[in-house]
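Coordinates in review
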Amino acid sequence: MNIDDIKGRVEAQRRFFSGGATLDVKTRIAALKSLRSTIVRHEADILEALRLDLGKSGFEGYMCEVGLVLSEIDYMMRNVAAYSRRRRVPTPIAQFAARSYVQPAPYGVALIISPWNYPFMLCVDPLVDAIAAGNTVVLKPSAYAPQTGEAVKRIVEEAFSPEYVTVVMGGRQEIGWLLDEQFDCIFFTGSQNVGKEVLRHAAERLIPVTLELGGKSPCIVDATADIALAARRIVFGKFLNCGQTCVAPDYVLCDSRIENALIDALCAEIAAQYGAAPLQNADYGRVVNRKHFERLLGLMQSGTIVCGGEAREEELRIAPTILRGVDWEDAVMREEIFGPLLPVLTYNSLNDAIARVEALPHPLALYYFTTDKSAADAIMTKCRFGGGCINDTIVHLATSEMGFGGVGASGMGAYHGKAGFDAFSHYKSIVDKRNWIDLPIRYQPYDDKKRALLRRFLK
């Protein structure tokens with residue numbers, strides 16, 4: 001695909017949207033039904049593509065990608081009619097007689113750029129929200145997950161006309177061409193560095209943007225926590241998808257009194273979940289490419305490996321690895337790990353832990369394991385982060401009832417469910433004024449009587 005092809009597709013979508021075809025809620029629901037049935041027909045193809053791209057098992061592929069997308073579609077089909085209705089609001093007495101309401105409206109032509117780590121879910125989930133809100137969509141899957149990108153392309157071409165939804169394949173060049181177009185909104189999921197470029201291009205064109213980025217998401221474990229249960233849930237959240245999850249616990253920050261017990265429990269839980277030889281476990285994934293594999297091997301030089309550390313270069317696989325003795329200045333603590341390495345650091349007081357987390361860029365997620373409710377309230381209130389869990393990891397994003405998004409360096413805006421509908425909508429504020437009366441107070445000439453009435457109306 002060349003630059004002229006991209007321009008042609010965007011212009012075709014602009015004409016289609018201008019014709020009003022996506023404004024009817026029944027049309028949106030029909031489009032979602034078409035998408036759902038097409039995904040179900042191609043489920044085996046999607047799961048195989050995920051296995052080829054990332055080594056994901058069929059169970060994990062359905063649990064973390066296909067199943068979540070189907071759930072989001074079902075949620076939107078149930079709720080889109082309500083979300084699309086006008087909402088009456090009170091009208092000030094100064095505007096008598098009138099009716100005021102807020103009307104959701106689609107932005108228009110939306111661009112969605114997705115990452116490689118959950119290449120189906122993070123591409124199609126925002127697509128569902130954009131369609132529900134009444135937009136047309138240009139989808140850009142990640143070039144690092146080519147098999148899944150091709151599966152998405154086949155599904156979209158089967159479910160939609162290209163004027164409604166189209167897929168642009170390719171890499172950086174194609175992304176550059178897309179960002180030079182005048183879209184009506186942009187939704188990006190990926191790294192902070194690329195997110196800055198997306199935001200820069202959007203700012204030049206005054207395009208609203210939703211950024212879903214990442215960061216070093218802390219997992220705090222205090223001395224009151226159920227250590228065995230905490231270890232089980234931390235290991236699940238950290239090493240899912242071989243650690244390549246934007247909301248994975250990036251590091252553990254634990255009370256120094258429980259460091260040894262927690263590390264022992266984490267190592268035991270890795271063996272329980274992945275076996276004594278995780279690299280022989282067919283359900284354990286792999287690193288996406290050699291560049292990231294070599295980067296992770298470099299980060300593994302920080303601290304001391306207490307379990308794991310094995311790697312197979314020919315398979316791009318690294319065993320779940322626990323590191324201790326890590327310093328805050330070590331390489332593994334200066335960037336988002338995005339792989340199966342888990343450093344364990346310690347704190348001496350909860351206030352010190354809060355201060356340490358708050359001194360770093362705001363993360364996409366935060367997890368706190370405790371049985372102390374007041375301590376949990378302190379962490380959740382004082383620390384700034386996108387979202388998180390108390391006594392669990394990851395699961396806060398697996399619902400359409402709450403928005404998912406970052407803050408500060410971890411992103412802006414949110415999606416899933418109603419938040420996703422809002423992300424792709426503009427809310428028009430409208431006053432519908434009646435003609436049978438026209439209060440003269442606002443019109444010149446002004447006099448003392450009008451001034452007195454004005455103060456009464458606006459006090």
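Use the structure listed above.
These lines cover the structure that appears in this document, whether it is placed above or below. (Residues numbered from 1 in each chain as written. Predicted model: local features only at pLDDT ≥ 70, side-chain atom pairs only at ≥ 80, totals over all residues. Heavy atoms only, no water.)

The next subject is the state of the cysteines. In a disulfide, the sulfur atoms of two cysteines are covalently bonded to one another. Under the criterion given, the structure shown has 0 disulfides. Not part of a disulfide, cysteine 254 finds its nearest cysteine sulfur in cysteine 219, a span of 9.6 Å. Take cysteine 383: it sits in no disulfide, and the sulfur closest to it among the cysteines is that of cysteine 219, at 13 Å. With a relative accessible area of 5%, cysteine 383 lands in the buried category. (Disulfide = S-S within 2.5 Å. Buried < 20%, exposed > 50% of the residue type's maximum accessible area, 1.4 Å probe, protein only.)

Another aspect to go through is the packing of helix 2 (residues 25-41) against helix 5 (residues 121-132). At a minimum axis distance of 9 Å, the contact between helix 2 and helix 5 shows a crossing angle of 155°. The pairing of helix 2 with helix 5 is recorded here as roughly antiparallel in orientation. Touching Arg28, Ala31, Leu32, Leu35 and Ile39 of helix 2 are Val124, Leu127, Val128, Ile131 and Ala132, all from helix 5. When the residues that make up the contact of helix 2 with helix 5 are grouped by side-chain class, the tally is 9 nonpolar, no polar and 1 charged. (Axes fitted to C-alpha atoms, helices over the stretch in contact; angles between N-to-C directions. Helix = DSSP H or I, 4+ residues; strand = E, 2+ residues; numbered from the N terminus. Parallel < 35°, antiparallel > 145°, perpendicular 65-115°, else oblique. Contact = heavy atoms within 4.5 Å. Nonpolar A, V, L, I, M, F, W, Y, C, P; charged D, E, K, R; others polar.)

Throughout the structure, instances matching the rule amount to 10 aromatic pairs. Taking 5.6 Å as the distance between ring centres and 20° as the angle between the ring planes, the aromatic pair formed by phenylalanine 187 and phenylalanine 424 counts as stacked. Here phenylalanine 424 lies in the loop between helix 14 (417-423) and strand 20 (425-433) and phenylalanine 187 lies in strand 6 (residues 185-189), a separation of 237 residues in the sequence. Owing to a relative accessible area of 0%, phenylalanine 187 belongs among the buried residues under this scheme. Residue phenylalanine 424 is classed as buried on the basis of its relative accessible area of 1%. Between the aromatic rings of tyrosine 274 and tyrosine 284, the centroid separation amounts to 5.3 Å while the plane-to-plane angle is 70°, which identifies the pairing as edge-to-face. Linking tyrosine 274 in helix 10 (residues 259-274) with tyrosine 284 in the loop between helix 10 and helix 11 (290-299), this pair joins segments that are 10 residues apart in sequence. The exposure class of tyrosine 274 is buried, given its relative accessible area of 13%. On the accessibility criterion, tyrosine 284 (3% relative accessible area) is buried. An aromatic cluster is defined as three or more aromatic residues linked by ring pairs; in this entry it consists of Phe187, Phe404, Tyr415 and Phe424. Between lysine 418 and the ring centre of tyrosine 83, over which it is positioned, the NZ or CZ distance is 5.7 Å. (Phe/Tyr/Trp six-rings, centres within 6.5 Å; stacked < 30°, edge-to-face > 60°. Lys NZ or Arg CZ within 6 Å of the ring centre and 35° of its normal.)

Ranked by size, the top nonpolar core spans 118 residues in total, and within it Ile39, Val124, Leu127, Leu139 and Val221 carry the most contacts. Leaving out residues up to four positions away in the same chain, leucine 127 has contacts with Leu35, Ile112, Val137, Leu139, Val156 and Val165. Core analysis: the second largest hydrophobic core is formed by 19 residues, Leu178, Phe188, Leu211 and Leu213 among them. (Core = buried A, V, L, I, M, F, W, Y, C linked by side-chain atoms within 4.5 Å.)

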